[in-house]
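Here's the letter readout for the chains.
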Amino acid sequence: DMNLLPKAAQLILAAPKTAPPQNCRQFWGWLNAVFNKVDYERIKAVGPDRAAAEWLLRCGAKVRYQGFDRWQHDYNALPTGPLGRYKIQAIDAAESCIMFRGFDHLDGLEHLQEIKFNKNIYIEDVCLERLSKIENLQSSLRRMEVVSCGNVTDRGILALHHFANLEHLFLSDLPGLKQKDRTVETLQTALPKLEIELDLD
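The rules we used
- Residues numbered from 1 in each chain as written.
- Predicted model: local features only at pLDDT ≥ 70, side-chain atom pairs only at ≥ 80, totals over all residues.
- Heavy atoms only, no water.
- Phe/Tyr/Trp six-rings, centres within 6.5 Å; stacked < 30°, edge-to-face > 60°.
- Helix = DSSP H or I, 4+ residues; strand = E, 2+ residues; numbered from the N terminus.
- Buried < 20%, exposed > 50% of the residue type's maximum accessible area, 1.4 Å probe, protein only.
- Lys NZ or Arg CZ within 6 Å of the ring centre and 35° of its normal.
- Pairing = 2+ DSSP bridges.
- Core = buried A, V, L, I, M, F, W, Y, C linked by side-chain atoms within 4.5 Å.
- Contact = heavy atoms within 4.5 Å.

**Digging into the packing of aromatic side chains**
Within the structure shown, the criterion is met by 3 aromatic pairs. Ring geometry for Trp55 and Phe103: centres 6.0 Å apart, planes at 70°, overall edge-to-face. Of the two residues, Trp55 sits in helix 4 (residues 48-58) while Phe103 sits in the loop between strand 3 (88-92) and strand 4 (114-118), which places them 48 residues apart along the sequence. Owing to a relative accessible area of 1%, Phe103 belongs among the buried residues under this scheme. Aromatic pair Tyr65 and Tyr86: ring centres 5.3 Å apart, planes at 55°, arrangement tilted. Within this pair, whereas Tyr65 is found in strand 1 (residues 62-65), its partner Tyr86 is found in the loop between strand 2 (71-72) and strand 3, the two being separated by 21 residues in sequence. Tyr65 gets classed as buried once you look at its relative accessible area, which sits at 2%. One residue, Arg64, lies across the ring of Trp71, its end atom 4.9 Å from the ring centre. Its end group placed over the ring of Tyr86, Arg85 keeps NZ or CZ at 4.7 Å from the ring centre.

**Some details on the pairing of strand 3**
Of all the 5 residues making up strand 3, 5 are buried; the element is thus mostly covered by neighbouring parts of the structure. Bridge analysis of strand 1 against strand 3 gives 4 bridges, and the strand direction is antiparallel. If you follow Lys62 over to strand 3, its bridge partner there is Asp92.

**Examining the nonpolar core**
Counting residues in hydrophobic clusters, the biggest one holds 49 residues, and the most contacted among them are Ile88, Phe117, Leu131, Met144 and Ile157. The greatest single-element share of this core, amounting to 5 residues, is contributed by helix 4. Contact partners of Leu131, with chain neighbours within four places excluded, come to Phe103, Leu106, Ile115, Phe117, Leu137, Met144 and Phe163.

Below is the structure:
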């Protein structure tokens, strides 16, 4: 993986300076897709929490481990220790490039209680639906934020009803929610103990 960045840099430097913007966008889309590729052998070798942390930090997200207050954001400073020593308790994915194809990394997490999505251009309904089908998370997740994710619609928010133990949900700046009152009411009916905080137009 370490060879990816030098190669990426070479491609950028070799590109004509007048390259149209869509070429640049396509290039970054390709690079982000590479960062989201799941290495199943790596998950087996280092365990789901370590592999997920590597994926998340590679994509610009942060993680917090169970029993620690500090957020980990530096890929090269990820703690090492016995297999299974560090369990991911919270994910802050703000402005990261995580996308659907990387979500298999989350399947093995058993202690995840909090996820924040904020300004994620690749987070869409299928991501929230995929997340909501992960059995471990259905019971462990307690808090969630979905903010300024323009590709999320009512369908994605309604999928969150699978998180039976969700205690707090913050929704803000989601222009894709066209029936927000009905969506929130349906979710609240499904999860009567859930506190839903809204900052929607």
